[in-house]
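Listed here are the chains, written in short residue letters.
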Amino acid sequence: MTMGTEYEKKIAELVKKIKNFPNFPKQGILFWDIFSAISDGAACKLLQGLLIETIRYKYPDVEAVVGLESRGFLFSFSIAAEMGIGCLPVRKKGKLPGEVISYKYDLEYGSDTLEIQKNSMKPGLKCVIIDDLIATGGSLNAAIQLLQNSGAEVLGCLVIIELESLNGRKNIPKNIPVHSMIKYD
């Protein structure tokens, strides 16, 4: 079962608004810029509607939207507010006040740590993780591990853009569905 032709038409409209920038932030990288879409009021509203429609369809039991630093934050609050559910930020180490739960993970050249506020977590909390993009899947996988270690139930992940050539899904646990709205090679 799919979300239908109208949904696909809306996605096609959104795609027209997303720009790319070759060789940013460094030589050889093609940067897909979601900011180019959300700077347009109509496209911003369209994107918010698509995200909410997708979450309601794919994850009807969701209790909280988890926004990954930093662009995931842009979407998580408005979605959570519209749906009347919680909004939880996952941030890099040292950026959240109070007691936090941390998860350290390896990168290609070093490591990083993600954190979530301990008081925002409750056992069995049904979450959907949202971010703008999945590339190698490292930060998305780390967020999944962080939430699961915190006692949450990760229903799935919703990303706006997937860079399929980087095969980031291979780094996501097989039992966690990833829905990408737009796919590029």
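Scope of this entry: the structure provided in the associated data block. (Residues numbered from 1 in each chain as written. Predicted model: local features only at pLDDT ≥ 70, side-chain atom pairs only at ≥ 80, totals over all residues. Heavy atoms only, no water.)

**Notes on the overall build of the chain**
Moving on, step 1. When helices and strands are tallied, the chain shows 5 helices and 9 strands.
Moving on, step 2. N-terminal to C-terminal, the α/β element order of the chain is α-β-β-α-α-β-α-β-β-β-β-α-β-β.
Moving on, step 3. Against the compact-globule benchmark of 16 Å for 185 residues, the chain has a radius of gyration of 16 Å, which places it among compact chains.
Moving on, step 4. Considered along the principal axes of its C-alpha atoms, the chain spans approximately 40 × 40 × 30 Å.
Moving on, step 5. For the chain, contacts bridging at least 24 residues in sequence account for 58% of all contacts bridging at least 6. (Helix = DSSP H or I, 4+ residues; strand = E, 2+ residues; numbered from the N terminus. Rg over C-alpha atoms; globule rule 2.2 N^0.38 Å. Contact = heavy atoms within 4.5 Å.)

**Quick word on the pattern of salt bridges**
Moving on, step 1. Applying the stated criterion across every chain yields a total of 10 salt bridges.
Moving on, step 2. As a salt-bridge pair, R71 and D132 come within 2.6 Å of each other at their nearest N and O atoms. Here R71 is found in helix α4 (residues 71-83), whereas its partner D132 is found in strand β7 (residues 126-134), with 61 residues between them in sequence.
Moving on, step 3. When its relative accessible area of 25% is taken as the criterion, R71 is described as partly exposed.
Moving on, step 4. By relative accessible area, which is 6% here, D132 ends up buried. (Salt bridge = Lys/Arg side-chain N within 4 Å of Asp/Glu carboxyl O. Buried < 20%, exposed > 50% of the residue type's maximum accessible area, 1.4 Å probe, protein only.)

**Some remarks on helix α5 (residues 138-149)**
Moving on, step 1. The first and last C-alpha atoms of α5 sit 16 Å apart over 12 residues, in line with the 16 Å expected at 1.5 Å per residue.
Moving on, step 2. All of the buried residues along α5 are L140, N141, A142, A143, I144, Q145, L146 and L147.
Moving on, step 3. Tucked inside the fold, the buried residues of α5 contact β3 (64-68), β4 (86-92), β5 (100-107), β6 (110-117), β7 and β8 (153-163).
Moving on, step 4. Two residues or fewer after α5 comes G151, characterised by a positive phi angle close to 95°. (Expected span 1.5 Å × (residues − 1).)

**Points about the sheet that holds β4**
In a beta sheet, neighbouring strands pair by backbone hydrogen bonds and run either parallel or antiparallel.
Moving on, step 1. With mixed pairing, the 7 strands of this open sheet are ordered in space as β5-β6-β4-β3-β7-β8-β9. Edge strands, defined here as strands with exactly one partner in the open sheet, are β5 and β9 (178-184). Across the sheet, the mean angle separating the axes of adjacent strands is 20° when strand polarity is ignored.
Moving on, step 2. Of the pairings in the sheet, the one linking β3 to β4 comprises 5 bridges and is parallel in character. Residue G67 lies in a different strand from β4, and its bridge partner there is P89.
Moving on, step 3. Each of β3, β4, β5, β6, β7 and β8 touches α5; the most contacted strand, β5, lies at about 145° to it. (Pairing = 2+ DSSP bridges. Axes fitted to C-alpha atoms, helices over the stretch in contact; angles between N-to-C directions.)

**With respect to the packing of aromatic side chains**
Moving on, step 1. With the rule as written, the count across this model stands at 2 aromatic pairs.
Moving on, step 2. Residues F24 and F31 carry aromatic rings whose centres are separated by 5.2 Å and whose planes lie at 85° to one another, so their mutual orientation is edge-to-face.
Moving on, step 3. Residue class for F24 comes out partly exposed when judged on its relative accessible area of 44%. (Phe/Tyr/Trp six-rings, centres within 6.5 Å; stacked < 30°, edge-to-face > 60°.)

**Let's talk about the environment of R56**
Moving on, step 1. Inspection of the secondary structure assignment puts R56 in helix α3 (residues 41-58).
Moving on, step 2. Sequence separation between R56 and I172 is 116 residues; the distance between their C-alpha atoms is 22 Å.

**Details of the nonpolar core**
Moving on, step 1. Grouped together as the largest cluster of nonpolar side chains are 30 residues, with contacts concentrated most on I18, L51, I79, I160, M181 and I182.
Moving on, step 2. Sorting the residues of this core by element identifies α1 (5-17), α3, α4, β7, β8 and β9 as the ones contributing at least two each.
Moving on, step 3. If we ignore the near neighbours within four places in the chain, the residues touching I79 are Q48, L51, I52, I55, V65 and I130. (Core = buried A, V, L, I, M, F, W, Y, C linked by side-chain atoms within 4.5 Å.)

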